[in-house]
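Descriptive analysis of the structure
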Amino acid sequence: MQALRTWWANHSEGEQRFMVVLGVLIFGVILWLGVWRPIESGLASGWERQGLALDRYASVRAKVAELRQRPAQRNQANRAPIDQAIGQSAAEAGFTLDRATLQGEGRMAVNIASARVGPLLQWISGLERAGISVQTITMAPGATEGTVAVQAMFQEAVR
């Protein structure tokens, strides 16, 4: 510390003032580049992301309101009976229905002895898109590795 004081004292008063002004300028530049600009950039980016998120939120809310007001587009008279719909879609998906029995109007019980989980869930998802929902489902490990045995109760959606 003594060496720094000696060094400072060896300079003239004009040089000392120049070094103080230069130090203040360097400190200001560091403050501006290292603190102010990153904060300003982060705030601008955050406001932009918030605006985009609000736009997406408004469009989703508008789409939900539109879907709620739209009448059901499925025509019940043109829809195939549940037994035909399930049987045909199971055959298209490659499943063999070991037992498929109607359980009243718009309800059907199905047993599948062996099915892979991925294709089975895709098939069920396709049925739900077609207006047939799963009421109950039971899956147990199948006879071969990677398969399951399924018992399910399906019901047509009532609109």
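Predicted, not measured: the structure shown is a model, and the values here were computed from it. (Residues numbered from 1 in each chain as written. Predicted model: local features only at pLDDT ≥ 70, side-chain atom pairs only at ≥ 80, totals over all residues. Heavy atoms only, no water.)

In terms of regular secondary structure, the chain is built from four helices and four strands. Over its C-alpha atoms the chain spans a radius of gyration of 36 Å, topping by over 25% the 15 Å that the globule rule assigns to 159 residues. In terms of overall dimensions, the chain has C-alpha extents of about 105 × 45 × 20 Å along its principal axes. Put simply, the chain has 159 residues, and 17% of those count as buried. Working note: accessible area of the chain is about 11900 Å², and carbon and sulfur atoms make up 59% of it. Put simply, the chain has 16 plus and 13 minus side-chain charges, and the middle of one group is 4 Å from the middle of the other. (Helix = DSSP H or I, 4+ residues; strand = E, 2+ residues; numbered from the N terminus. Rg over C-alpha atoms; globule rule 2.2 N^0.38 Å. Buried < 20%, exposed > 50% of the residue type's maximum accessible area, 1.4 Å probe, protein only. Areas by Shrake-Rupley, 256 points an atom, 1.4 Å probe, with all protein chains shown as cover. Lys, Arg positive; Asp, Glu negative; His and termini not counted. Charge placed at Lys NZ, Arg CZ, Asp CG, Glu CD.)

As a further point, take the environment of Ile 26. Along the polypeptide, Ile 26 turns up in helix H2 (residues 13-69). Residue classification places Ile 26 among the partly exposed residues on the basis of a relative accessible area of 47%. Along the backbone, Ile 26 and Gly 94 are 68 residues apart, and their C-alpha atoms lie at a distance of 74 Å.

Quick look at the nonpolar core now. By size, the foremost hydrophobic cluster in this structure holds 17 residues, and its most contacted members are Ile 86, Phe 95, Ile 112, Leu 120, Trp 123 and Phe 154. Contributing elements (two or more residues each) for this core: helix H3 (82-93), strand E2 (107-116), helix H4 (117-129) and strand E4 (147-156). (Core = buried A, V, L, I, M, F, W, Y, C linked by side-chain atoms within 4.5 Å.)

For the rest of this paragraph, the subject is the pairing of strand E1 (residues 99-102). Pairing of E1 with E2, which is carried by four bridges, proceeds in the antiparallel orientation. Bridged to Thr 101 within E2 is Ala 109. Hairpin connection of E1 to E2: four residues between the antiparallel strands, including Gly 104 at a positive phi of 110°. (Pairing = 2+ DSSP bridges.)

An α-helix turns once per 3.6 residues; consequently, residues spaced three or four apart project the same way. Over its 13 residues, H4 extends 18 Å from the first C-alpha to the last, a length consistent with the 18 Å expected when each residue adds 1.5 Å. Among all positions in H4, only Leu 120, Trp 123, Ile 124 and Leu 127 are buried. Projected onto a plane normal to the axis of H4, the buried residues spread over an arc of 95° and lie on a single side. Opposite the buried face of H4, by more than 90 degrees, sit the exposed residues Gln 122 and Arg 129. Considering only its buried residues, H4 is in contact with H3, E2, strand E3 (132-141) and E4. (Expected span 1.5 Å × (residues − 1). Arc of directions from axis to C-beta. Contact = heavy atoms within 4.5 Å.)

The next subject is the sheet that holds E4. Taking strand neighbours across the sheet as the criterion, the four strands line up as E1-E2-E4-E3 in an open arrangement whose pairing is antiparallel. This sheet does not close on itself; its edge strands, each paired only once, are E1 and E3. Going across the sheet, the axis of each strand differs from the next one's by a mean of 15°, ignoring polarity. Sitting on the sheet, H3 is in contact with E1, E2, E3 and E4, with an inclination near 10° to E2. (Axes fitted to C-alpha atoms, helices over the stretch in contact; angles between N-to-C directions.)

Okay, the side chain of Gln 16 next. By the secondary structure assignment, Gln 16 is in helix H2. On the basis of relative accessibility, which here comes to 18%, the residue Gln 16 falls in the buried class. A polar atom in the side chain of Gln 16 sits 2.7 Å from the backbone oxygen of Trp 8. With residues up to four places along the chain from it excluded, the contact list for Gln 16 reads Trp 8, Ala 9 and His 11. (Polar contact = N/O pair within 3.5 Å; in protein donor to acceptor, adjacent residues only side chain to side chain.)

With that out of the way, let us pick up the side chain of Thr 147. Counting through the fold element by element, Thr 147 comes out in strand E4. Among the polar contacts made by the side chain of Thr 147, one reaches the main-chain carbonyl oxygen of Thr 144 at a distance of 2.7 Å. Look past the residues within four positions of Thr 147 in its chain and what remains in contact with it is Ser 114, Ala 115, Arg 116, Ala 140, Pro 141 and Gly 142.

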